[in-house]
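# Descriptive analysis of the structure
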Amino acid sequence: MSTWPAIRLSNGRQGPWGVAIANTSHDPIYDVAVGRPRGVTQNGTNIDAISLTLKVLPPGVYFLDPKDKGDDMLTAVSPAGLKPIFRNIDYCAELTFRDSSSAMWRRLRNGQLSSAEATGAP
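Residues numbered from 1 in each chain as written. Predicted model: local features only at pLDDT ≥ 70, side-chain atom pairs only at ≥ 80, totals over all residues. Heavy atoms only, no water.

### Quick notes on the nonpolar core
In terms of nonpolar packing, the biggest core is built from 16 residues, with Met-1, Ile-21, Val-32, Val-34, Leu-57 and Leu-64 touching the most fellow members. Looking at this core, the elements with two or more residues in it are strand S2 (13-23), strand S3 (29-36), strand S6 (50-57), strand S7 (60-64) and strand S9 (94-98). Element by element, the count of residues in this core is highest for S6, at 4 residues. The contact partners of Val-32, leaving out residues within four places of it in the chain, are Met-1, Leu-52, Thr-53, Leu-54, Leu-57, Thr-96 and Phe-97. Ranked by size, the runner-up nonpolar core spans 7 residues in total, among them Val-61, Phe-63, Val-77 and Leu-82. (Core = buried A, V, L, I, M, F, W, Y, C linked by side-chain atoms within 4.5 Å. Buried < 20%, exposed > 50% of the residue type's maximum accessible area, 1.4 Å probe, protein only. Helix = DSSP H or I, 4+ residues; strand = E, 2+ residues; numbered from the N terminus. Contact = heavy atoms within 4.5 Å.)

### Things to note about the side chain of Thr-41
Along the polypeptide, Thr-41 turns up in the loop between strand S4 (39-40) and strand S5 (46-47). For Thr-41, a relative accessible area of 13% translates into the label buried. Setting aside its immediate chain neighbours within four residues, Thr-41 contacts Ile-47, Asn-88 and Tyr-91.

Shown next, in the form of structure tokens:
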């Protein structure tokens, strides 16, 4: 399970700024909590916070817009439809999730993956 900041592309144009989440396993991931605090771009523009929980995330790549709610059903996207955002950790999100063997994990904003307590959340 990984995440990175991205801009969604539509017909060659830049759309919303958010985060991509990739479940590259062959199994669903459960209780995915996604958190990104408010931040600021390098030119001073505000970055909206993201805070939502997904009950199940099937294998695939997904895009989360700050306007998304946890009860929304996400649709898998092609990585070609996403433009990664580099050079600003304020765009990055933190994840906690439960894998198919019920182990809890935390992916920090810097990319580090570690075991997590069941009560942990971003």
